[in-house]
Amino acid sequence: MTETTPLLSVRNLSVAFGRQGENRTQVVHNVSFDIAPGEKLALVGESGSGKSVTAMSILRLHDPTQTHYPNGEVRFESRELLSLDDTAMRRIRGHDIAMIFQEPMTSLNPVYTIGDQLTEPLILHQSLGKEAARKRAIELLDRTGIIEPGQRIDAFPHMLSGGQRQRVMIAIALACSPKLLIADEPTTALDVTVQSQIIELLEDIQEEFGMAVMMITHDLNMVRRFAKRVCVMQNGQLVEQAELNALFDNPQHDYTRHLLNSRPTRIINEVNEQERAAWPVVLEAESIKCYFPVKAGFFRRKIGEVRAVDDVSLQLRAGETLGIVGESGSGKTTFGMCLLRLQACTGAIRFTDQDLQAISGKAMRPLRRHFQIVFQDPFSSLSPRMTVEQIISEGLKIHYPEQTAAQHRTRILQVLQEVGLDESMLWRYPHEFSGGQRQRIAIARAVVLEPKVIMLDEPTSALDVSVQKQVLELLAELQRKHGISYLFITHDLAVIRAMAHRIIVMKDGAIVEQGETGMLFNDPQQPYTRQLLKASLFREG
Amino acid sequence: MTKPVQNPNAFTQRAWRRFKANRRGYVSLWIFAILFVISLFAEVISNDKPLLVYYESSFYFPLFKSYPETAFGGDFDTETDYLDPHVRKLLNKGDNWVIYPLNSYNYNTINYFTLHPNPAPPSAENLLGTDDRGRDVLARLIYGFRLSVLFAFVLTLIGVVAGVVAGALQGYLGGRFDLAAQRLIEIWGSMPELYLLIIFASIFQPSVLLLIILLSLFGWMGLADYVRAEFLRGRNMDYVTAARAMGVSDHSIMFRHLLPNSLTPVITFLPFRISGAIMALTSLDYLGLGVPPTTPSLGELLSQGKENIVAWWLSLTTFGVLVGTLMLLTFIGEALREALDIRRG
């Protein structure tokens, strides 16, 4: 890279939160980095590392009464941003530096059309007339890959899909041809195939407009694909800064190495297909169908149906992990719910030799012990008003009512130890734990009943990469020890490659392809599977 | 294998600690508790019958037993009027002695022996004066406070239980049941409450029980809506699905998982409901639709204060008692809300 004057230069920036006079907590410590014009920089770190805070500080988007900058400077084209007055700062926001956010669902205002929101910066910063602004807005929508931009411009945000909304966000950001685009986890909330489309779009636009892009992300695949230079942050400090290849091939800092090693590797109990074929089948489902009627009109007549799960069959053997992969809306979670009889459906479900569809809800209750769930969001899956002990003991009280409280306590402590939590946590409430710890509690709640099958619904998607790996290792170990079968539902192919023996790929409620993990990854038969694999950024080109 | 561990932070202990941390609410609770406990023993504090009489070498308990005046050497066979100066003279003669309550009037005692016209201003005899019928204001305030608070507690309890149950069922069952119940609430809620009270007041003999029944019939709806909304939100949460997957029964899910997480509106509105109930009773009495006139009631005193605007001891004292009670209840409620929020330390 040739030495040019940097577009943005951050020097010794520190950020502290808290009101004046109170104890302030410093969350960013002396961070320094530069961005050259047209450069693609990635800021990588786990949640709480201060990467978003740093980026937001560049635009001074924090609440000024709560935020304090003890030292440091942010120079943008030789102007000092931290001491700029509000009017001048507003001119820079949107005009010179634009930002796009993680959540396309909430970063667009639901009561205005996308046209209104897109023309606003044009009228504000470029003094365009209404007609000219609308024309330019349609061009921008067209450029960001919105089909039929002339009609779409009058749509409200809820009428667009997640990917389309993120395209609109990019169009808004591009409206004034900024010199720097800050993208805060722009693809995290999107499906893999949409993710790769958005990244491609960002790349194209970056080249076309010649702007610098600062990408904030936790996803190392994304970094490798997109960035030219990488800054790694940990606990508010910038621990390493290097060119992309140098960083991946020869990481200098311990934390960077730790991050790179956190990418899931195959940790499941490896057993070949023939051997597994001898294991007994615990759960068998035949042509499961789950249709939701679509009703309309005054009399709510049925005018059609959504085929959430359409004729899907599977066999799950004891001690085996079966991965169900698909994008959002593919019916994978609904299918899982059907198997656990938490969602009404047609088709046959057999548990060992019992026909689950034939027995009543009441007769099902004792069998429930054998089917447990671990959810994606560890914040909503634990009741906030129950202590850890109450949460874990609930199932014991139902399924082992004959045991005494002391016996339950012994069993709970044993399980807590197994999932790597400690005794003192029994009386605490879920909000006192981190995401990873909460997920361990959820796993403990499932495992304490010694179930035969656990349905894991995106169990690691809400967790940081290093925590993700620990949780996956815990799950693999529990399987080895207790021979539990996992039904592993995820969109994350890296995780499923590490965990599954067999994989089912679902799309629009039906199975597209299924097979052994190795076979499926090395030699996918269906075009959709190939597209999915390519999109999840394992392979370039 | 493991020794039984004592839970160092039981929920109630933690809640109590948080409650104490709110000084204002904590002090309010003490003041209110003392006042309320005292008022429960109103018969001993403020009564026209002596607590104990020692008359000619034997003890008498007029509080529990009625004695004719002849028992104390009087002229009549009717029950003794202990306020009669003649009777008092007899009871204090020689070795005889009497222990009177702190305030020697009952809420319905009429002081026939006052030197002032009624309503009489505060004096050594009637500490806060008398009302327009010559009844002691202090006695009526003590009994009125007790009645108002008890009335409010009962009304709130009924309203909360009915509201929570109705809201919980609607929210959890949803569907047709919810639809039907919602329409019923809309119809029920559009009935003119005040007119019904006026009508019922003219049909039936007005009484505290009738008021509780009538106000309860309408009081549960406001809360039911909030609880229903909380249940609707809660029943799709993952922890509820997890509980269902565990085989937890419906009513356990409702009461163990959903209810504790739906209590925010209940607890938030609790102090307001209690003070609202006190205000409801007071205003109905003020309008003359409430309890019968012999019952000690703050509203009736207020309405007397309005009629006799110069008799400041009527309106001012009642106003003081009302404001004091409502303020204490609000502060306690505020502290209670903070105490039950487990997210606080």
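Residues numbered from 1 in each chain as written. Chains lettered and ligands numbered in written order. Predicted model: local features only at pLDDT ≥ 70, side-chain atom pairs only at ≥ 80, totals over all residues. Heavy atoms only, no water.

Q: Mind showing me how you'd approach the overall build of chain A here?
A: Helix and strand content of chain A: 20 helices and 21 strands. For a compact globule of 541 residues, the expected C-alpha radius of gyration is about 24 Å, and chain A comes in at 26 Å, within 12% of that figure. Taking the principal axes of its C-alpha atoms as reference, chain A extends roughly 75 × 55 × 45 Å. For chain A, restricting intrachain contacts to residue pairs at least 6 apart in sequence, the fraction spanning at least 24 positions comes to 68%. (Helix = DSSP H or I, 4+ residues; strand = E, 2+ residues; numbered from the N terminus. Rg over C-alpha atoms; globule rule 2.2 N^0.38 Å. Contact = heavy atoms within 4.5 Å.)

Q: Where do I start with the sheet that holds strand β3 (residues 40–44) of chain A in this structure?
A: Residues and elements named next belong to chain A. Strand order in the open sheet formed by 6 strands is β7-β8-β9-β3-β10-β11, and the pairing between neighbours is mixed. Strands at the two margins of the open sheet, each flanked by one partner only, are β7 (97–100) and β11 (237–243). Going from strand to strand, the sheet's axes swing by 15° on average, the running direction of each strand aside. Taken together, the 6 bridges between strand β10 (residues 229–234) and β11 define a ladder with antiparallel strand orientation. Within β11, the position partnered with Val-230 by the bridge is Ala-242. (Pairing = 2+ DSSP bridges. Axes fitted to C-alpha atoms, helices over the stretch in contact; angles between N-to-C directions.)

Q: What am I meant to see in the domain arrangement of chain A here?
A: You'll often see interface size given as the accessible area lost when the parts meet. All names here are of chain A. The domains assigned to chain A are domain 1 (8–261) and domain 2 (279–535). Taken together, the contact between domain 1 and domain 2 spans 11 residues of the former and 11 residues of the latter. The junction of domain 1 with domain 2 conceals about 1,100 Å² of combined surface from both sides, 47% of it contributed by carbon and sulfur atoms. Of all residues in domain 1, the largest losses of buried area upon contact with domain 2 belong to Asp-191, Val-192 and Thr-193, amounting jointly to 46% of the total for that side. Here domain 1 and domain 2 share 0 salt bridges between them. Summed over the shared surface of domain 1 and domain 2, the result is 1 residue pair in polar contact (both at pLDDT 80 or more). The set of elements that each furnish at least two residues to the side of domain 1 that touches domain 2 consists of α7 (192–209) and α10 (254–261). Ranked by the residues each element gives to the side of domain 1 that touches domain 2, the list is headed by α7, at 4 residues. Split into classes, the residues belonging to the side of domain 1 that touches domain 2 amount to 3 nonpolar, 6 polar and 2 charged. (Domains from an automatic or database assignment. Buried area = accessible area lost by both parts, 1.4 Å probe. Salt bridge = Lys/Arg side-chain N within 4 Å of Asp/Glu carboxyl O. Polar contact = N/O pair within 3.5 Å; in protein donor to acceptor, adjacent residues only side chain to side chain. Nonpolar A, V, L, I, M, F, W, Y, C, P; charged D, E, K, R; others polar.)

Q: Whenever I open this one, the packing of aromatic side chains confuses me. Can you help?
A: Given two aromatic rings, their pairing is described by the distance between the two centres and the angle made by the two planes. Residues and elements named next belong to chain B. Inspection of the entire model under this criterion finds 20 aromatic pairs over all chains. Their ring planes at 65° and their centres at 6.3 Å tell us that Phe-32 and Phe-145 sit as a pair that is edge-to-face. Placement of Phe-32 in helix α2 (residues 23–40) and of Phe-145 in helix α5 (residues 137–173) is noted, with a sequence separation of 113 residues between them. Each of the two residues, Phe-32 as well as Phe-145, counts as buried. Ring centres of Tyr-226 and Phe-269 lie 4.9 Å apart, and the angle between their planes is 40°; on these two criteria the pair is classed as tilted. You can see Tyr-226 sitting in helix α9 (residues 221–234) and its partner Phe-269 sitting in helix α12 (residues 263–287), a full 43 residues away along the chain. (Phe/Tyr/Trp six-rings, centres within 6.5 Å; stacked < 30°, edge-to-face > 60°. Buried < 20%, exposed > 50% of the residue type's maximum accessible area, 1.4 Å probe, protein only.)

Q: Please explain a nonpolar patch on the surface as it appears in this structure.
A: All names here are of chain B. A grouping of Leu-194, Tyr-195, Ile-198, Ile-199, Ile-203, Phe-204, Tyr-286 and Leu-287 is seen on the molecular surface, where their side chains present a nonpolar patch of about 810 Å² in accessible area. Of all the elements in the fold, those that place two or more residues in the nonpolar patch are α7 (193–203) and α12. If one sorts the elements of the nonpolar patch by residue count, α7 sits on top with 5 residues. Its location among the elements puts Ile-203 in helix α7. (Patch = residues over 30% accessible without salt bridge, like charges linked within 9 Å, V, L, I, M, F, W, Y side chains within 5 Å. Areas by Shrake-Rupley, 256 points an atom, 1.4 Å probe, with all protein chains shown as cover.)

Q: I tried to follow unusual backbone geometry on my own but got confused; where do I start?
A: Negative phi is the rule for most residues except glycine; trans is the rule for most peptide bonds. Positive phi is not limited to glycine here, since Ser-177 of chain A has a value of about 40°. Inspection of the secondary structure puts Ser-177 of chain A in the loop between α6 (162–174) and β8 (180–184). Under the relative-accessibility criterion, Ser-177 of chain A is labelled partly exposed at 37%. Its identity as a non-glycine residue notwithstanding, Ser-57 of chain B has a phi of 65°, on the positive side. Within the secondary structure, Ser-57 of chain B sits in the loop between β1 (52–55) and β2 (58–60).

Q: Explanation requested: the sheet that holds strand β15 (residues 346–351) of chain A in the structure shown.
A: Strand pairing in a sheet takes place through backbone hydrogen bonds and is either antiparallel or parallel in direction. All names here are of chain A. Ordered in space as β13-β12-β15-β16, the 4 strands form an open sheet in which the pairing is antiparallel. Bordering the open sheet on either side are β13 (301–317) and β16 (354–355), each of which pairs with just one other strand. Inspection of the sheet shows β15 paired to β16 by 2 bridges, in the antiparallel sense. Note that in β16 the partner of Phe-351 across the bridge is Gln-354.

Q: Would you mind going over the environment of Tyr-400 of chain A with me for this structure?
A: Residue and element names in this part refer to chain A. Within the element layout of this structure, Tyr-400 appears in the loop between α14 (388–399) and α15 (405–418). A relative accessible area of 15% means that Tyr-400 is categorised as buried. What Tyr-400 contacts, discounting residues up to four positions off in sequence, is Arg-369, Gly-395, His-408, Leu-449 and Glu-450.

Q: How should the pattern of salt bridges be read in this particular structure?
A: Pairing between side chains becomes possible if they bear opposite charge and their charged atoms approach one another. Following the criterion strictly, the structure yields 36 salt bridges over all chains and no others. Between Arg-143 of chain A and Glu-208 of chain A there is a salt bridge; the shortest N-O distance is 2.6 Å. Placement of the pair is Arg-143 of chain A in helix α4 (residues 130–143) and Glu-208 of chain A in helix α7, with a sequence separation of 65 residues. Under the relative-accessibility criterion, Glu-208 of chain A is labelled partly exposed at 49%. Of the charged contacts in the structure, one is a salt bridge between Arg-133 of chain B and Asp-132 of chain B, with a shortest N-O distance of 3.7 Å. Each of Asp-131, Asp-132, Arg-133, Arg-135, Arg-140 and Glu-300 of chain B takes part in salt bridges that share partners, so that together they form one network.

Q: Would you take a moment to explain the environment of Asp-457 of chain A for this structure?
A: Residues and elements named next belong to chain A. Summarising the element assignment, Asp-457 is placed in strand β18 (residues 453–457). We classify Asp-457 as buried; its relative accessible area is 8%. Residues Asp-457 and His-491 lie 34 residues apart in sequence; the distance between their C-alpha atoms is 9.8 Å. Excluding anything up to four places from it in sequence, Asp-457 contacts Thr-333, Val-374, Phe-375, Gln-376 and Ile-489. Within the structure, the side chain of Asp-457 is placed 3.4 Å from the side chain of Thr-333, a separation counted as a polar contact.

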